[in-house]
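# Breakdown of the fold
In case you want the letters, here they are:
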Amino acid sequence: MLPRKNADDKADVEAPDVRPRPSQIESHEIQLISRVAEGDLHAFETLYRLYFPRLTRFLDRMTRSVYLIEEIVNDTMLVVWQKADTYNQSCKVSTWIFSIAYRKALKAIKRQDKPVEADFERIPAGSDVEPDHEVSRQQCQKSVGIALDSLPVEQRTVVNLTYYHGMGYQEIAETMDCPVNTVKTRMFHARRRLKTMLSSLMD
Amino acid sequence: MNGRILQLNNSEHRTVRALLPWFVVDTLTAEELALVQAHVLGCTQCQADLDWQRKLLAVEPRSNANPDVERAFAKLRPRLDTTQRGSKRRVLIEFLNNFWHGNPQWMRWTLVAQFSVILALTFMLATPYGNVVAYRALGIAKNAGGNAVVVFNPETSEQDLRRILQDAGAHIVDGPTVTDAYLLNVPKDKLSAAIHVLRSHRAVVLAESLGSGDDR
């Protein structure tokens, strides 16, 4: 059977898909942005609450500081409030907002002047961990977190946006303002390093 | 032949391997999707890679941070009121619109007239003066009335200097310069004679006319 997205997790029973299609989500967000451009505070608050969890998840992997995360989210959304009228639909609303957040986060990290990369030596070595079937999910998540945090911020961002935000490589290139091939190269190196670091857990 | 097929397969394998992360999250184009699906069926390496990536996808690390949306929005809310919104162009248009519709007619036209006067004055100040040419050569001091230059021996007394000038019918209009030269004024019709008299004195090192050459 051909691999499909989350195909293994889905139940075989056909259930009515009540989720809005991507185009509907996108058009809803475009409507919100248009209203924000007209100064609609209620629309802005809706957009803020919609993006807060996504941006905090994204920024958490970049900065590792709760106060910095809130500050960057607010700086990002302030730009959205100020510049909503400049959004020209040449990219998705999410790509536009994430690209602002990415730039703000890079500036904040630079200001902090301390590395946010973790030390992958903290990952339990193969001989120290329990057998595969006994490794708890939490332990796995923790190890993956440490491994991700040890990647350079650009590689980590590509991995994060791909696997945990479901972004395509074109969107990631727009978000990070770099060529598509750079995105693919960063992903290639990131996967290779992650495989080495997580070999005891995931092989 | 076999080598060529192997090369094509390697190239396809590399392409597919690079696309696998986006195959897992279902963001490939229809063409890319077809390529990956066809390749993965017969490639155990890519199948293993896919399994590994699905495991990674399934264990998204939990966030240690727990940001509070209410607290964060409460912090942002006051900044929204004080922040200037829109692009510079839009802000300018809004300002002009508010100005035009928010003031009485007499005030609008008074301010427009005032602005026009300021603009005209600025233009006049920025424009160079008519046809007046303000060029002045450094060596020719016509305005000072000098038409000859003389250099005396440094040991010449003031009394001798006055006497020599009197003999030549010349008087000093400027100097001495850094080279101890004096600019003299001599009536034009006596310039040649004056130069001749000056040169006849031992105390004079140099005497020259500053004219066009006719007087020399």
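Residues numbered from 1 in each chain as written. Chains lettered and ligands numbered in written order. Predicted model: local features only at pLDDT ≥ 70, side-chain atom pairs only at ≥ 80, totals over all residues. Heavy atoms only, no water.

### Focus: the overall build of chain A
Stated formally: Strands are runs of DSSP state E lasting at least two residues, helices are runs of H or I lasting at least four, and both sets are numbered from the N terminus onward. A simple rule labels every residue: compare its accessible area, found with a 1.4 Å probe on the protein chains alone, to the largest value its type can have, and call it buried under 20%, exposed over 50%, or partly exposed in between. Contacts were defined at the residue level, with two residues in contact if any of their heavy atoms lie within 4.5 Å.
Counting its regular elements, chain A contains nine helices and zero strands. From first element to last, N terminus to C terminus, chain A shows the α and β order α-α-α-α-α-α-α-α-α. Within the span of chain A, comprising 203 residues, buried residues form 48% of the whole. Within chain A, residue pairs in contact and separated by at least 24 positions form 71% of the contacts whose partners lie at least 6 positions apart.

### Some words on unusual backbone geometry
The residue Asp177(A) is not glycine, and still its phi comes out positive at about 55°. Residue placement: Asp177(A) occurs in the loop between helix H7 (169-176) and helix H8 (180-197). At Asp26(B), a position not held by glycine, the phi torsion is positive, near 60°. Here Asp26(B) lies in the loop between helix H1 (2-24) and helix H2 (30-41).

### Quick look at the interface of chain B and chain A
For clarity, the cut-off: Simply put, the buried area is the total loss of 1.4 Å probe accessible area from both parts when two parts are fitted together. Salt bridge, as used here: a side-chain nitrogen of Lys or Arg that lies within 4 Å of a carboxyl oxygen of Asp or Glu. Throughout this entry, Asp, Glu, Lys and Arg are counted as charged residues, while Ala, Val, Leu, Ile, Met, Phe, Trp, Tyr, Cys and Pro are counted as nonpolar. The remaining residues, Gly among them, count as polar.
If you look at the interface, chain B gives 51 residues, while chain A gives 58 residues. Here chain B meets chain A over a buried area of about 5,000 Å², counting both sides, of which 60% is carbon and sulfur. Across the contact surface, chain B and chain A share seven salt bridges. With a closest N to O distance of 2.7 Å, Arg191(A) and Asp49(B) form a salt bridge. For the side of chain B that touches chain A, the residue count by class is 25 nonpolar, 10 polar and 16 charged.

### Some points on the pattern of salt bridges
All chains considered together, the criterion is met by 17 salt bridges over all chains. Among the ionic pairs, Glu29(A) bridges to Arg54(A), the shortest N-O distance being 3.9 Å. With Glu29(A) in helix H1 (residues 22-37) and Arg54(A) in helix H2 (residues 41-63), the pair connects residues that are 25 residues apart, well separated along the chain. Take Arg54(A): its relative accessible area is 28%, and that puts it in the partly exposed class. Residues joined by salt bridges that share partners form a network here, namely Glu45(A), Arg49(A) and Glu70(B).

### Details of the sheet that holds strand E4 (residues 204-209) of chain B
Residues and elements named next belong to chain B. Rules: Two strands are counted as paired when DSSP detects at least two bridges linking them. The angle between two axes is taken between their N-to-C directions and runs from 0 to 180 degrees, where each axis is a line fitted to C-alpha atoms and a helix contributes only its stretch in contact.
One open sheet holds the four strands; their spatial order is E2-E3-E1-E4, and the pairing between them is antiparallel. Of all the strands in the sheet, just strand E2 (171-174) and E4 have a single pairing partner and so form its edges. Neighbour-to-neighbour, the strand axes of the sheet open up by a mean angle of 35°, direction not taken into account. On the sheet, helix H7 (residues 158-168) packs against strand E1 (148-152), E2, strand E3 (181-185) and E4 and is oriented at approximately 150° with respect to E1. Helix H8 (residues 191-200) rests against E1, E3 and E4 of the sheet, and its axis sits at about 170° to E4.

### Points about the packing of aromatic side chains
Operational definition: Here is the rule: rings of Phe, Tyr and Trp (six-membered ring for Trp) pair when centre to centre is within 6.5 Å. Planes less than 30 degrees apart are stacked, more than 60 are edge-to-face, and the remainder are tilted. Any Lys NZ or Arg CZ found within 6 Å of a ring centre and within 35 degrees of that ring's normal is scored as a charge over the ring.
On inspection of all chains with the given rule, the structure shows 11 aromatic pairs over all chains. Between Tyr169(A) and Trp22(B), the ring centres sit 5.5 Å apart and the planes meet at 85°, which makes this aromatic pair edge-to-face. Residue Tyr169(A) is located in helix H7, and its partner Trp22(B) is located in helix H1; the two belong to separate chains. Members of the aromatic cluster, joined through ring pairs, are Phe44(A), Tyr48(A), Phe52(A), Trp81(A) and Phe73(B). The ring centre of Phe73(B) lies 5.9 Å from the NZ or CZ of Arg49(A), which sits over that ring.

### Regarding the side chain of Glu26(A)
Residues and elements named next belong to chain A. Condition: Counted charges follow a simple rule, with Lys and Arg positive, Asp and Glu negative, and His plus the chain ends left uncounted.
Residue position: Glu26 is located in helix H1. With no salt bridge to any partner, buried Glu26 finds its closest opposite charge in Lys92, at an N-O distance of 5.8 Å. Setting aside chain neighbours within four positions, we find Glu26 in contact with Tyr87, Cys91, Lys92 and Val93.

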